[in-house]
Amino acid sequence: MKRSVRKRQDPDLGVLAAKLFFGLQEELFRRSAEEGFDDITPRHGAVLAYLDEDGIRPSELAHLSGRHKQTIGTIVDELEKLGYLRREADPADRRAKLIMPTERGRTLMRYSDMVVAEIEARHAALLGAERYGQFKNTLRAIATAPPATPAATSSAT
């Protein structure tokens, strides 16, 4: 059986996770664009998904998103130019910077949280609240599990 046929008939975890992620991302950014946030792209999600109302340090954004600090810095620069956030001195450590949402950024945060909640409610209605809760708990356990060590993995033969 061809690999492409096999992946269609019995998609593996990577294919399923990608379909879930890209489907959510497509709906979120399409609906955001319809609401006037048509200048953001999925690339900006690495920062926007973790932005806090009270600000967050760039190093924390890098850690949470799994992206390099340089990549986060570039995305922050772009979002700052677009008017979604600004850099401020951290009152707890004046040498450090906080990434703070502007009013436009806070509006987008509220809107995107609402869209994701609607998507989750739709999935919960499809599966039932209990099954959806179990699904999220299972997905969380898999997504937060420590990576396998080289000795625990085997190479394909």
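Remember, it's a predicted structure, so these values are computed and weren't measured experimentally.

Visitor: Hey, could you run me through the overall build of the chain in this one?
Guide: Along the backbone of the chain there are seven helices and two strands. Scaling as 2.2 N^0.38, a compact globule of 157 residues should have a C-alpha radius of gyration of about 15 Å, whereas the chain reaches 19 Å, well beyond that. Looking at the chain as a whole, 26% of its 157 residues qualify as buried. Within the chain, contacts between residues separated by at least 24 positions form 51% of all contacts whose residues are at least 6 apart in sequence. Just so you have it, the chain exposes about 10,800 Å², and 56% of that area is on carbon and sulfur atoms. Here the chain carries 25 positive and 23 negative side-chain charges, and the mean point of each set is 7 Å from the other.

Visitor: Just to check I follow, could you spell out helix H2 (residues 13-34) for this structure?
Guide: A turn of α-helix holds 3.6 residues, and therefore any two residues three or four places apart point the same way. Spanning 22 residues, H2 covers 32 Å between terminal C-alpha atoms, matching the ideal 32 Å at 1.5 Å per step. Of all the positions in H2, only Gln25, Glu27, Leu28, Phe29, Arg31 and Ser32 are classed as buried. Packing partners of the buried residues in H2 comprise helix H3 (45-48) and helix H6 (103-127). The N-cap of H2, judged by a side-chain oxygen 3.1 Å from the amide nitrogen of Gly14 a few residues on, is Asp12. Of the residues trailing H2, Gly36 is marked for its positive phi of about 105°.

Visitor: What's the story with the nonpolar core in this structure? I'm lost.
Guide: One broad trend across soluble globular proteins is that nonpolar side chains are buried collectively. Judged by nonpolar contacts, the single largest core of 23 residues is most densely connected at Ile40, Val47 and Leu79. Elements supplying a minimum of two residues to this core: H2, H3, helix H4 (58-65), helix H5 (69-81) and H6. Sort the elements by how many residues they give to this core and H6 lands first, with five residues. For Leu79, the contacting residues outside a window of four places in its chain are Ile40, His44, Val47, Leu48, Tyr84 and Leu85.

Visitor: Would you mind showing me how to read the pairing of strand E1 (residues 85-90) here?
Guide: Where a strand is regular, its side chains alternate between the two sheet faces. Of the strand pairs in this sheet, E1 and strand E2 (residues 93-101) are connected by six bridges, and their pairing is antiparallel. Directly across from Asp90, in E2, lies its bridge partner Asp93. Linking E1 to E2, which pair antiparallel, is a turn of two residues.

Visitor: Sorry, what's going on with H4 here?
Guide: What H4 keeps buried is the set Leu61, Ala62 and Ser65. The arc enclosing the buried residues of H4, seen along the axis, measures out at 100°, which places them on a common side. Two residues or fewer after H4 comes Gly66, characterised by a positive phi angle close to 75°.

Visitor: Help me understand the layout of surface pockets, please; the structure alone is not making it clear to me.
Guide: Summary: where empty space remains is shown by rolling a probe the size of a single water molecule over the atoms. Approximately 1,500 Å³ is the volume attributed to the largest pocket. In this structure, the largest pocket is lined by 36 residues; those nearest its centre are Phe21, Leu24, Ala49, Tyr50 and Val116. The element contributing the most residues to the lining of the largest pocket is H6, with 10 residues. Each residue belonging to the lining of the largest pocket can be placed in one class, and the counts come to 23 nonpolar, seven polar and six charged. When its volume is computed, the second largest pocket comes out at roughly 180 Å³. In terms of lining, the second largest pocket is formed by Leu13, Leu16, Ala17, Lys19, Leu20, Phe135 and Leu139. For the lining of the second largest pocket, the elements supplying multiple residues, two or more each, are H2 and helix H7 (129-144).

Thresholds, definitions, all that
Residues numbered from 1 in each chain as written. Predicted model: local features only at pLDDT ≥ 70, side-chain atom pairs only at ≥ 80, totals over all residues. Heavy atoms only, no water. Helix = DSSP H or I, 4+ residues; strand = E, 2+ residues; numbered from the N terminus. Rg over C-alpha atoms; globule rule 2.2 N^0.38 Å. Buried < 20%, exposed > 50% of the residue type's maximum accessible area, 1.4 Å probe, protein only. Contact = heavy atoms within 4.5 Å. Areas by Shrake-Rupley, 256 points an atom, 1.4 Å probe, with all protein chains shown as cover. Lys, Arg positive; Asp, Glu negative; His and termini not counted. Charge placed at Lys NZ, Arg CZ, Asp CG, Glu CD. Expected span 1.5 Å × (residues − 1). Polar contact = N/O pair within 3.5 Å; in protein donor to acceptor, adjacent residues only side chain to side chain. Core = buried A, V, L, I, M, F, W, Y, C linked by side-chain atoms within 4.5 Å. Pairing = 2+ DSSP bridges. Arc of directions from axis to C-beta. 1 Å grid on protein atoms, 1.4 Å probe; cavity = no way out; pocket = protein on both sides within 12 Å on 5 of 7 lines; lining within 4 Å. Points joined across faces, edges and corners; volume = space filled by probe spheres on them. Nonpolar A, V, L, I, M, F, W, Y, C, P; charged D, E, K, R; others polar.

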